[in-house]
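# Coordinates in review
Chain residues, written in single-letter form:
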Amino acid sequence: MADDTETKHGGSKNGKKEGLSGSSFFTWFMVIALLGVWTSVAVVWFELVDYEEVLGKLGIYDADGDGDFDVEDAKVLLGLKERSVPAQPASPESEENVQPAETSYVESEHKTADIELEEEIQSVLHEALHSHPDADPMVEDVGAVESESYEIPALDDYVADLEETVSNPDTPGNSETMPEDAVEHYTEDRVHEVYSEDQEKQTETQDTEEINEDFDVAKDLSGIESKQTEDDMAIEPEESEKPVKAGDYSDDVQVGESEKETEQDKTEKAKKKKKPKLLNKFDKTIKAELDAAEKLRKKGKVEEALRAFEALVNQYPQSPRARYGKAQSEDDLAEKMRSNEMLQQAINTYDEVVSLPNVPSDLIKLSLKREADRQQFLGRMRGSLVTLQKLVQLFPSETSFKNDLGVGYLLIGDNSNAKKVYEEVLSLAPNDGFAKVHYGFILKAENKIAESIPYLQEGLESGDPGTDDGRFYFHLGDALQRMGDKEAYKWYELGYQRGHFASVWQRSLYNVKGLKAQPWWTARETGYTELVKSLEKNWKLIRDEGLAVMDKKRSLFLPEDENLREKGDWSQFTLWQQGRKNENACKSVPKTCALLERFPEATGCRRGQIKYSIMHPGTHVWPHTGPTNCRLRMHLGLVIPKEGCRIRCAQENRDWEEGKVLIFDDSFEHEVWQDAESYRLIFIVDVWHPELTAQQRRTLPAI
């Protein structure tokens, strides 16, 4: 048995070992060769080594300027050959931002960098070639690294997350309530929102009532939550309020448009766009370190990213890209912590980027644009305006910055300067769709209805970024309606197809998805039968208190001032607005207010009003639409002429009756005629939509 064992292991029977025979040597050679081949195949097939990443790391040690790392570059770095620096013609773009103070700094830093590169070349090469492709160079615990592969973004190609248009925060501290039927106040997809720990996420946006022509943003944007974007995280409520989602409309043809740009055309245009250059000469020498820090930020490791960028800023205080990365990390951390203080720190850091020497133009643009956006987020509207003015001064030929500046003026209610800005843009770029829709919007606010139509229409037809917005479809349709042009409903239909409206008739812009939608309601359908019974039972009391207010020498009824009337006289006396009681007003009608206190679905409705409404003969109210589907509107008839007064909601007309309640959803288009011989007095009570949950009623922002 022992003899057999020795033989199997290559020994002879007499115990003496012999060398490998020719056949055994060949067999082992083939085994090793095959293993090598299959190992190579495995490396390529399973992508065990990210060669692009390796080459990208080595690319920073390109000594001869030929665009790659080769034998000649290695000789230079190992001291076997002198470095040759190819002549680089300076582009006008790069020279316009170079400051004298930068020259000596960059030269000295390059000398230091050369020495360090020679000392570290061996370790860097080893790391680049042998480190695990998924390993995070900034993390000590390799086991904690995510298993999936993660591509390190190339900083030269990295573009910061920018909104197409400037966001639109509300003006803080404004206690004035929004007038009835006010949607034309300019706000974009977001309004002022600061971080707060108990803040619920809302996807609804601006604090606007029904369409009106009053453009005083500073007056009417109070108390509003903002739409959350990817940059503005918040807590999701029970059922979040969401605007109607746009469907696939790639095959739609816009009204009046001869041909439509295909998605392929848009893709080709995007490819041709010039990639931003975010690194100056010095930052290119520390690109690997910047990439590592940026990788942490992209992977959501915000605190680690911030520490990494802070270390880079401390080590290279005049590195614009490192400071910009620090600002972005602070921005991300503010979002994560819901900290206004941290966000202000990010704003300050964005501003510091611009003050450094030799900052690339593209990085200046990104920094200032983001700074303006974050200032608006905190409600620092005038500070944001100053930042936007700086952008325009630095880059006067960039019409997009002028467009943003125009929005900045609109957000503080300065229509006059906004109009001048858009006139300037259109003089430079007559086909700028963004400028056209905003200029048309301003003209319509000035009641220049006919003049506004071509600007709104051509702007929408352009398809330019920032033009596919429900407000512009709404106002174009509204302008056409007022001119008696039935083309209005074609634009409403297109707005519906694009996902801006729930239907052609229901054109509210700030909606909770899934709520029952119908123009007219019964008391039983609402579930508010006790409120309806109480109103109808006490209608004479409510009427008499209202008439007493009308008889006073100094009338408390205020004229409707949202330009909803084609003609006539229409005034209102408000008791509750946005869920807040007007104590002074209620002193004049104490019994009516006491009666209503029992019904929180009305007094607590922060998206509506409770008020008297008087309309005199000869009045016509244009077709208009409320801002939200979150409320229903009750009309209690108090003094109703026998004939001549009617209301249309969607496609059905109704008449008021004294002592009876009409209920309709004012997010549907409605219109009023008062052709009687005497005044009409009604009592309006808005209530929450019955399908809203208790959580939604508590957390939905006021309108």
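Scope of this entry: the structure provided in the associated data block. All of these numbers come straight from a predicted model, not from anything done at the bench.

## Remarks on the overall build of the protein chain
- Each helix and strand in the protein chain was counted, giving 28 helices and 13 strands.
- Within the protein chain, buried positions represent 51% of all 703 residues.
- Expressed as a percentage of contacts within the protein chain between residues at least 6 apart in sequence, the contacts between residues at least 24 apart total 72%.
- Here the protein chain displays about 33,700 Å² of accessible surface, and carbon together with sulfur accounts for 52% of that area.

## A word on the packing of aromatic side chains
- Within the structure shown, the criterion is met by 16 aromatic pairs.
- Arranged with centres 6.1 Å apart and planes meeting at 20 degrees, the rings of Phe573 and Tyr612 form a pair that is stacked. Here Phe573, found in strand 4 (residues 570-577), pairs with Tyr612, found in strand 6 (residues 609-615); they are 39 residues apart in sequence, far enough to count as distant. For the pair formed by Phe573 and Tyr612, the shared burial category is buried.

## Section: the state of the cysteines
- As enumerated under the stated definition, the model contains one disulfide in all.
- In this model, Cys586 is linked to Cys593 through a disulfide, with the two sulfur atoms separated by 2.1 Å. Here Cys586 and Cys593 share a disulfide; its torsion about the S-S bond, -80 degrees, makes the bridge left-handed. Here the two residues Cys586 and Cys593 agree in accessibility, since each one is buried.

## Quick word on the sheet that holds strand 7 (residues 619-624)
- Strands sit in the order 3-7-12-9-10 across an open sheet of five strands; the sheet is antiparallel. Two strands lie at the open edges of the sheet, namely strand 3 (565-567) and strand 10 (652-654), each paired on one side alone. Shown here is a sheet whose adjacent strand axes are inclined to one another by a mean of 20 degrees, direction ignored.
- Where strand 9 (residues 645-649) meets strand 12 (residues 670-674), five bridges bridge the pair, whose relative direction is antiparallel. Residue Cys649 lies in a different strand from strand 12, and its bridge partner there is His670.

Analysis parameters
Per-chain numbering applies: the sequence of each chain, read as written, is numbered from 1 onward. For this predicted model, a pLDDT threshold of at least 70 governs which residues receive local features, and a threshold of 80 or more governs which side-chain atom pairs are given and counted, while totals over whole chains, interfaces and linings are taken from all residues. Note: side-chain values were computed over all heavy atoms of the structure, leaving out hydrogens and water. Strands are runs of DSSP state E lasting at least two residues, helices are runs of H or I lasting at least four, and both sets are numbered from the N terminus onward. Relative accessibility decides the category of a residue: with a 1.4 Å probe and only protein chains considered, values under 20% of the type maximum give buried, values over 50% give exposed, and everything between is partly exposed. Residues are treated as being in contact if the distance between any of their heavy atoms lies within 4.5 Å. Here the Shrake-Rupley method, with its probe set to 1.4 Å, supplies the accessible areas, and only the displayed protein chains count as covering residues. Geometry of aromatic contacts follows a simple scheme: Phe, Tyr and Trp rings, the Trp one being its six-membered ring, pair when their centres are within 6.5 Å, and the pair is stacked under 30 degrees between planes, edge-to-face over 60, tilted otherwise. By convention in this document, the label disulfide applies to cysteine sulfur atom pairs within 2.5 Å. Should DSSP find at least two bridges between two strands, the strands are regarded as paired. Geometry is summarised by axes, namely lines fitted to C-alpha atoms with helices restricted to the contacting stretch, and by angles between N-to-C directions that run from 0 to 180 degrees.

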